[in-house]
Amino acid sequence: MLSASIAPGGPAKASAPAADDGAAVIGERFRGRRMLDLTIRSPVLAVPAHVRLLLPPGWSPDADRTWPVLWLLAGAGGTPALHTAWTDNTDVEELTAGRDVIVVMPDAGRCGNYTDWWNHGKGGAPKWETFHLTELRQILERGYRAGTDRAIAGNGMGGMGAMAYAARHRGLFRAVASFSGPLNTLHQDPGGLDVADLVELGVAIGCPAADWTDVWGRPDVQRVVWRRHNPYDLADRLAGVRVHVSSGDGRPGPYDPAPGTGPDVVESLAHALALEFAGKLRKLGIPVSTHVYTGTHRWPYWQRELHAALPILLAEIT
């Protein structure tokens, strides 16, 4: 079995799994029978990143088989450690117990937006998309028995990231689900909230030293950059992928405080964009399943939605 830990920040073991560009595991710790946390030093990130794995029955780094992989991405703002968000806020550990799948829950920065930042045309760190889909993928396949059958899902901005990743990297994921994700980043509402507002707010709160236009520029000026990362504009690239979309309508539901609570504007936006995105898929002839419900932008709903979507996702990879 793997060692209980490698001193975080110290030199990687000679045999530590590494990516082509030198990204490598520098810390490894079991948090339970099947929960394994990794610390990874990457040349495309300013600081080491963390990843939480839930391992399947019979897993071993020396096994003569691989396992399919379910990626779960977390939305911004709910926790300072995105790699623990799903296990902190849902029963995903119990839900996936006994399942023949590796569950991967990666860090994504406080305001990473699941993308390689544009940085006003200069590129450079942070490159979260490169970290996730090149470096981390290679590390998991080389050192943790991850296979090539993959599904991906996420909540909030993680839902946007999951859909963008599946569309931008055709053939990498067989199934994708978004729970309350803002699936049209170029949606504009002059009198209300739009996704550019969410990006600006997320950077201001999570990365106050950065400028929100470092991510993709301004949507009215660097529109091409935004479109290259916008699930709505990339919808045609999801042909052949099993797609599931769910969202609350922003009204208080069964997991909210007593009636009388005002509407949730973030979930209301996600609801409008979910309908818009699903509508475009259907016009393109791409099958999509949807679940729209009364509820707000909160973890109890996303736990319920994960329960409903998990069979859909796993059916494509196991």
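The numbering scheme is per chain: residues are counted from 1 as the chain's sequence reads. Given that the model is predicted, a residue must reach a pLDDT of at least 70 before its local features are reported, and side-chain atom pairs must reach 80 or more before they are shown or counted; all residues, however, enter totals for whole chains, interfaces and linings. Side-chain metrics in this entry use all non-hydrogen atoms of the structure; hydrogen atoms and water are not considered.

Secondary structure elements follow DSSP: runs of H or I of four or more residues count as helices, runs of E of two or more count as strands, with numbering from the N terminus. On a plain count of helices and strands, the chain comes out with 9 helices and 9 strands. By the compact-globule yardstick of 20 Å for 318 residues, the chain fits well, its C-alpha radius of gyration being 19 Å. Over its C-alpha atoms, taken along the principal directions, the chain stretches across nearly 55 × 45 × 40 Å. We call a residue buried when its accessible area falls under 20% of the maximum for its residue type, exposed when it is over 50%, and partly exposed in between, using a 1.4 Å probe and counting protein chains only. With 318 residues in all, the chain has 55% of them scored as buried. Carbon and sulfur atoms make up 52% of the accessible area of the chain, which amounts to about 12,900 Å² in all. Working convention for charge: Lys and Arg count positive, Asp and Glu count negative, and His plus the chain ends are omitted. Charge positions come from single atoms, namely NZ of Lys, CZ of Arg, CG of Asp or CD of Glu. The distance from the centre of the 31 positive side-chain charges to the centre of the 33 negative ones in the chain is 4 Å. Only C-alpha atoms enter the radius of gyration; for comparison, a globular chain is expected to reach 2.2 Å times N to the power 0.38, where N is the number of residues. In short, Shrake-Rupley with a 1.4 Å probe defines the accessible areas, and a residue's cover is counted only from the protein chains shown.

Where burial is concerned, most of strand β6 (residues 146-155) is hidden: 8 out of the 10 residues are buried. Following DSSP output, two strands are said to pair if at least two bridges run between them. With 6 bridges joining them, strand β4 (residues 67-73) and β6 adopt parallel strand pairing. Bridging across to β6, L73 finds its partner in G154. In terms of strand pairing, β6 meets strand β7 (residues 175-179) through 5 bridges, oriented parallel. Directly across from I152, in β7, lies its bridge partner V176. Traced from β6 through helix α4 (residues 157-168) to β7, the parallel crossover comes out right-handed. Throughout, right-handed denotes a crossover for which the path from the first strand over the helix to the second runs clockwise when the strands point away from the viewer.

Sulfur atoms of two cysteines make up a disulfide when they are within 2.5 Å. One pass over the full model with this rule turns up 1 disulfide. Paired through a disulfide, C111 and C207 show a sulfur-sulfur distance of 1.8 Å. The sign of the S-S torsion, about -115 degrees, decides the handedness of the disulfide formed by C111 and C207: left-handed. Taken as a pair, C111 in the loop between β5 (102-106) and α3 (128-143) and C207 in the loop between α5 (195-206) and α6 (213-216) lie far apart in primary sequence, 96 residues in all.

We now examine the confidence of the model for the chain. When pLDDT is low, close inspection of the predicted coordinates is not appropriate. pLDDT expresses, on a scale from 0 to 100, how confident the predictor is about each individual residue. Per-chain confidence: the chain averages 93 in pLDDT, with 93% of residues scoring 70 or above. Pairs of residues are marked as contacts when any of their non-hydrogen atoms sit within 4.5 Å. Ignoring residues within four places in sequence, the model shows residues 1-14, a span with pLDDT below 50, making 32 contacts including any to other chains.

Moving on to unusual backbone geometry. Each neighbour pair has its own omega, and for A125 with P126 the value is -5 degrees, a cis peptide bond. Here P126 is to be found in the loop between β5 and α3. At R145, a position not held by glycine, the phi torsion is positive, near 65 degrees. With respect to the secondary-structure elements, R145 resides in the loop between α3 and β6. Although it is not a glycine, S180 adopts a positive phi angle of roughly 60 degrees. Among the structural elements, S180 can be located in the loop between β7 and α5. Under the relative-accessibility criterion, S180 is labelled buried at 1%.

Topologically, D249 is positioned in the loop between β8 (242-248) and α8 (265-283). Residue D249 is classed as buried on the basis of its relative accessible area, which comes to 17%. Two N or O atoms count as a polar contact when they lie within 3.5 Å, although within protein this holds only if one can serve as hydrogen donor and the other as acceptor, and sequence-adjacent residues are included solely when both atoms are side-chain atoms. There is a polar contact of 2.8 Å between the side chain of D249 and the side chain of R251. If sequence neighbours within four positions are ignored, D249 has contacts with E267, S268, H271, Y293, T294 and G295.

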